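Now for the letters of each chain:
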Amino acid sequence: MNLEIILSNILNPPVLFFFLGMLAVFVRSDLDVPQPLPKLFSLFLLISIGLQGGYKLHKSGFDTQAIVVLSLAMLMAVVVPIYTFFILRLKLDIYNSAAIAATYGSISAVTFITAGSFLNSLGENYSGFMVAAMALMESPAIIIGLMLVLLFGRNNREKVEWGEIIRESLFNGSVVLLLGAMIIGLLAGEKGWETMKPLFGDLFRPMLAFFLLDMGLVAARQIGAIKKVGKFLLAFGIVVPVANAVMGILLAKLFGLAKGDAFMFSILCASASYIAVPAALRLSLPEANPSIYVTMSLAITFPFNIIVGMPLYYYLVSFVWG
């Protein structure tokens, strides 16, 4: 792997703030980000990425390539929770297998946003419809996970509130805000984006640095819980994201995606949800243990993707694209 790619990621200021947050926990500093602020940072980043995605769509249009990407996104959102469920069943019960499978079948918006910043730092870009693909991939895994439980676990006579589950999956806050901001960016066009750019464009990376500082604090505090998941799940949290990224890269090459879009698609395939899916599963799958699937996505896969995964996937994309 090219050392320059690794260094460009590690020395990217927002990623350095992630390391700073982890370091603060390791040295037992009292550094903390007051609780309302991380939510504000998250909302800001979702609006920013949505507006920019909508503006890019306004410039490029919604063509056949966009339809191909959205179809591939749906395919991976369905395939990943199904195949990982059966791998997990080798060691775990049905409920925890389904919960982890749903977590890894969904996506991490923060990983996507950080990867976009990394790509831009290399002087490359991605299409606006990748934002739509991100929003599309967040919810199906929750439904697939619950269907797997119904097929292999729960008594079929148990009542499942499918209407509430689908509503929660499709209309959770992050999906609504992301898609809403993207539509606003699409409708407002270049003139509208120019009025919003001083806040949601120029301040994007500084706000990402704040957010990753907090994520570093949160991830480091979860490190101690890794021993609870065991060697099998520790390996799963690293190997499966890489395998999913490779599948995403091969599909992207097969269907002729541009290099930047292929990289971002690999990031979507490799990431795991630690916000939307856990929130939905706590209500719909209480039999599963949140300390397992949240720890795996937040303390194992998220740091791995931020530190190692992004330069690795970019290297693989660059190699395949020549």
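Please read these numbers as outputs of a predicted model, since none were measured by experiment. Just so you know, the residues in each chain are numbered from 1, in the order the chain's sequence is written. Predicted model: local features are reported for residues with pLDDT of at least 70 only, side-chain atom pairs are reported and counted for 80 or more only, and whole-chain, interface and lining totals are derived from all residues. Excluded from the side-chain calculations are hydrogens and water; all other atoms, namely the structure's heavy atoms, are used.

## Remarks on the overall build of the protein chain
- Helix and strand labels come from DSSP, where a helix needs a run of H or I of at least four residues and a strand needs a run of E of at least two; each type is numbered from the N terminus. A count of helical and extended segments in the protein chain gives 15 helices and zero strands.
- In this setup the radius of gyration rests on C-alpha atoms only. A globule is expected at 2.2 Å times the number of residues raised to 0.38. Taken over the C-alpha trace, the protein chain has a radius of gyration of 19 Å; the compact-globule value for 322 residues is 20 Å, and the two agree within 12%.
- Structurally, the protein chain occupies a C-alpha span of about 55 × 50 × 40 Å along its principal axes.
- Accessibility here uses a 1.4 Å probe with only protein chains present; expressed as a share of the type maximum, an area under 20% marks a residue as buried, one over 50% as exposed, and anything in between as partly exposed. Out of the 322 residues in the protein chain, the part that is buried amounts to 54%.
- Should any heavy atoms of two residues lie within 4.5 Å, those residues are counted as being in contact. Put simply, of all contacts in the protein chain between residues at least 6 apart along the chain, 89% involve residues at least 24 apart.
- Only the protein chains shown count as cover for residues, with accessible areas throughout obtained via the Shrake-Rupley method and a probe of 1.4 Å. Looking at the protein chain as shown, the accessible area adds up to about 14000 Å², and 68% of this sits on carbon and sulfur atoms.

## Considerations on the packing of helix α6 (residues 109-121) against helix α15 (residues 290-321)
- Where α6 contacts α15, the two axes come as close as 11 Å, and the packing angle between them is 40°. Compared by their axis directions, α6 and α15 come out oblique. Here α6 and α15 pass one another in a crossing that is right-handed. When α6 is examined against α15, the residues V110, T111, T114, A115, F118 and L119 are found in contact with a partner set consisting of F302, N305, I306, M310, P311 and Y314.
- Each residue belonging to the contact of α6 with α15 can be placed in one class, and the counts come to nine nonpolar, three polar and no charged. Only the stretch in contact is used when fitting a helix axis, every axis being a line fitted to C-alpha atoms; angles between N-to-C directions are given from 0 to 180 degrees. Geometric relationships in this document are graded by angle, where less than 35 degrees denotes roughly parallel, more than 145 denotes roughly antiparallel, 65 to 115 denotes roughly perpendicular, and other angles denote oblique. Handedness of a crossing follows from how the near helix is turned relative to the far one, being left-handed for an anticlockwise turn of less than a right angle and right-handed for a clockwise one. Side-chain classes are defined by residue name, with Ala, Val, Leu, Ile, Met, Phe, Trp, Tyr, Cys and Pro counting as nonpolar, Asp, Glu, Lys and Arg as charged, and the others, Gly among them, as polar.

## Some remarks on the packing of aromatic side chains
- Only Phe, Tyr and Trp rings are paired, with Trp represented by its six-membered ring, and only when their centres lie within 6.5 Å; those with planes under 30 degrees apart are stacked, over 60 edge-to-face, the remainder tilted. Tallied over the full model, the rule gives 14 aromatic pairs.
- Both rings, one in F85 and one in F86, keep their centres 5.3 Å apart while their planes meet at 80°; by these two values the pair is edge-to-face.
- Through pairs of rings, three or more aromatic residues link up here, namely F18, F19, Y274 and F302.
- Definition used: whenever NZ (Lys) or CZ (Arg) falls within 6 Å of the ring centre and also within 35 degrees of the ring normal, the charge is taken to sit over that ring. The lysine or arginine in question, K56, covers the ring of Y126, its NZ or CZ lying 3.8 Å from the ring centre.
- For K253, the ring lying beneath its charged end belongs to W321, and the centroid distance is 5.2 Å.

## Remarks on the nonpolar core
- For our purposes a nonpolar core is just a set of buried Ala, Val, Leu, Ile, Met, Phe, Trp, Tyr and Cys residues, chained together by side-chain atoms within 4.5 Å. In this structure, F112, M130, M134, F263 and F265 are the most contacted members of the largest nonpolar core, which totals 76 residues.
- If you tally residues by element for this core, the top one is helix α11 (residues 204-222), at ten residues.
- Counting 32 residues, the second-largest nonpolar core is a separate cluster that includes F85, L146, V277 and V294.

## Things to note about the side chain of S271
- Turning to its location among the elements, S271 is positioned in the loop between α13 (259-270) and α14 (276-284).
- In this structure the side chain of S271 is engaged in a polar contact, spanning 3.0 Å, whose partner is the backbone nitrogen of S108. Nitrogen and oxygen atoms within 3.5 Å of one another constitute a polar contact, given that in protein one can donate a hydrogen and the other can accept it, and given that sequence-neighbouring residues count only through two side-chain atoms.

## Some remarks on unusual backbone geometry
- Positioned with a positive phi, R28 is a non-glycine residue whose angle comes to about 60°.
- Along the polypeptide, R28 turns up in the loop between α2 (13-26) and α3 (36-60).

## Describing the packing of helix α4 (residues 64-88) against helix α8 (residues 140-152)
- It is the contact of α4 with α8, at a shortest axis distance of 9 Å, that shows an interaxial angle of 35°. Crossing geometry of α4 relative to α8 is assigned as right-handed. Of the residues in α8, those in contact with M74, A77, V78, P81, I82, F85 and F86 of α4 are P140, A141, I144, L148 and F152.
- Across the contact of α4 with α8, the residue classes tally to twelve nonpolar, no polar and no charged.

## Topic: the pattern of salt bridges
- In the sections that follow, a salt bridge refers to a side-chain nitrogen of Lys or Arg positioned within 4 Å of a carboxyl oxygen of Asp or Glu. For the structure shown, the criterion picks out two salt bridges.
- Linking E124 and K259 is a salt bridge whose minimum nitrogen-to-oxygen distance equals 3.6 Å. Of the two residues, E124 sits in the loop between α6 and α7 (129-137) while K259 sits in helix α13, which places them 135 residues apart along the sequence.
- Classification of E124 by relative accessible area gives partly exposed; the value is 21%.
- K259 sits in the partly exposed class, given a relative accessible area of 26%.

## Considerations on a nonpolar patch on the surface
- Taken together, the side chains of F17, L20, L23, F26, V27 and I223 make up a nonpolar region of the molecular surface, amounting to roughly 530 Å² of accessible area.
- On the secondary structure map, L20 appears in helix α2. Here, patches come from residues exposed beyond 30% relative accessible area and free of salt bridges, joined within 9 Å for like charges and within 5 Å for nonpolar side chains (Val, Leu, Ile, Met, Phe, Trp, Tyr).

## A word on α6
- In this model α6 runs 18 Å from its N-terminal to its C-terminal C-alpha over 13 residues, within 8% of the 18 Å that 1.5 Å per residue would give.
- Counting buried positions along α6 gives eleven out of 13 residues, so the element sits mostly inside the fold.
- For α6, every residue scored as buried is listed here: A109, V110, T111, F112, I113, T114, A115, G116, S117, F118 and L119.
- Two residues or fewer after α6 comes G123, characterised by a positive phi angle close to 80°. Here the expected span of a helix is defined as 1.5 Å times the quantity of residues minus one.

## Points about the confidence of the model for the protein chain
- Per residue, pLDDT captures the predictor's confidence, and it can take any value from 0 to 100. The share of residues in the protein chain with pLDDT of 70 or more is 92%, and the mean pLDDT across the chain is 87.
- Considering each helix and strand of the protein chain separately, the mean pLDDT is smallest for helix α9 (residues 162-170), with a value of 66, and largest for α13, with 96.

## Points about α15
- With 32 residues, α15 should cover 46 Å at 1.5 Å per step; its first-to-last C-alpha distance of 39 Å lies more than 12% under that length.
- Here α15 lies mainly inside the structure; 23 of its 32 residues are buried.
- Two residues or fewer after α15 comes G322, characterised by a positive phi angle close to 75°.

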